[in-house]
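Report on the structure
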Amino acid sequence: MTVVGGRDGGDLDGFHVGRVPEDAGELVSDFASEWEDVSFATRVWERAVDDGYRVDLRVHVLRGERLTTLVRLREFLAEYHERDSAEWPLAEFTRGGDVGLAGGGEAFWLVRPGLAVDVLVDLDRFDAETAIEVAGSVTALPAGR
């Protein structure tokens, strides 16, 4: 699946999500949370299913002092998702001048120390490449916007 031709995802905590898949759920919700001294601004796209709702896509903007390098970000996300960081199969991807890591329907990168973006897609709905494509559409907003 390709996101080209998808719809605009809107602004989230200093970033613009340029494209989300057309087939991503129409119910869009924003959440703010914190875990282990890292704050999350989260947007989810959900759709109705027989037994409730299912999340198709999540975008997190993460802020925290412990997010100093891509390796530290990976370790944090592995802990957050309850994964073994050493066993988590990830490959590098590039978006503009940034290098991120992707695998298993997730793509994330360190924008700068203390600030990161994480994109996750439902692999039952989309292929793993979709997370990288959505990540490639996320751009920082100009200061003051």
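The structure we're discussing is the one just above.
The structure reproduced in this document is the subject of the present report. Everything numeric in this text was worked out from a predicted model, so none of it was measured. (Residues numbered from 1 in each chain as written. Predicted model: local features only at pLDDT ≥ 70, side-chain atom pairs only at ≥ 80, totals over all residues. Heavy atoms only, no water.)

Here's the deal with the pairing of strand E5 (residues 52-63)
Formally: Note on pairing: two strands pair once DSSP finds at least 2 bridges between them. Secondary structure elements follow DSSP: runs of H or I no shorter than four residues count as helices, runs of E no shorter than two count as strands, and numbering proceeds from the N terminus.
As judged from the 11 bridges shared by strand E4 (residues 38-49) and E5, these two strands associate in the antiparallel manner. In the sheet register, Thr42 faces E5, and the bridge partner there is His60. Between the antiparallel neighbours E4 and E5 lie 2 residues. Where E5 and strand E9 (residues 115-121) come together, 7 bridges link them in antiparallel fashion.

Description of the nonpolar core
As a rule of thumb, nonpolar side chains are buried together in soluble globular proteins. What counts here: Here, the term nonpolar core denotes a set of buried Ala, Val, Leu, Ile, Met, Phe, Trp, Tyr and Cys residues that are joined through side-chain atoms within 4.5 Å. Partly exposed describes any residue whose relative accessible area lies between the buried limit of under 20% and the exposed limit of over 50%, with all areas from a 1.4 Å probe on protein chains only and scaled to the type maximum. Contacts are assigned to residue pairs that have any heavy atoms within 4.5 Å of one another.
If you look at the biggest cluster of nonpolar residues, it comprises 23 residues, and the most contacted ones within it are Val17, Trp45, Leu57, Val59, Trp109, Val117 and Val119. At the level of secondary structure, the elements contributing two or more residues to this core comprise strand E2 (15-17), E4, E5, strand E8 (106-112), E9 and helix H2 (129-137). With 4 residues, E9 is the largest single contributor of residues to this core. Excluding residues that lie within four positions of it along the chain, Val117 makes contacts with Phe15, Val59, His60, Leu62, Ala107, Phe108, Trp109, Val111 and Val138. In this structure, Leu62, Trp88, Leu101 and Ala116 belong to the second largest nonpolar core, which totals 14 residues.

Thoughts on the pattern of salt bridges
Basically, it comes down to this: Any carboxyl oxygen of Asp or Glu within 4 Å of a side-chain nitrogen of Lys or Arg constitutes a salt bridge here.
Following the criterion strictly, the structure yields 11 salt bridges and no others. The salt bridge involving Glu26 is made with Arg7; its shortest N-O contact spans 3.8 Å. Here the residue Glu26 occupies a position in the loop between E2 and strand E3 (27-35), and Arg7 occupies one in the segment before strand E1 (10-12), the gap between them amounting to 19 residues. Relative accessible area serves as the criterion here: at 64%, Glu26 is assigned to the exposed category. Of the charged contacts in the structure, one is a salt bridge between Arg54 and Asp122, with a shortest N-O distance of 3.0 Å. Here Asp122 lies in the loop between E9 and H2 and Arg54 lies in strand E5, a separation of 68 residues in the sequence. A single salt-bridge network, built from bridges that share partners, covers Arg47, Asp56 and Arg125.

Notes on the packing of aromatic side chains
The condition is simple: Each Phe, Tyr or Trp ring (for Trp, its six-membered ring) is paired with any other whose centre lies within 6.5 Å, and the angle between the two planes then decides the class: stacked below 30 degrees, edge-to-face above 60, tilted in between.
Taken as a whole and judged by the stated rule, the model has 6 aromatic pairs. Ring plane angle 15 degrees and centroid distance 6.3 Å describe the contact between Phe76 and Tyr80, whose orientation is recorded as stacked. Residue Phe76 and its partner Tyr80 are both found in helix H1 (residues 70-80); the two are separated by 4 residues, about one turn of the helix. Taking the relative accessible area as the measure of exposure, Phe76 reaches 1% and is therefore buried.

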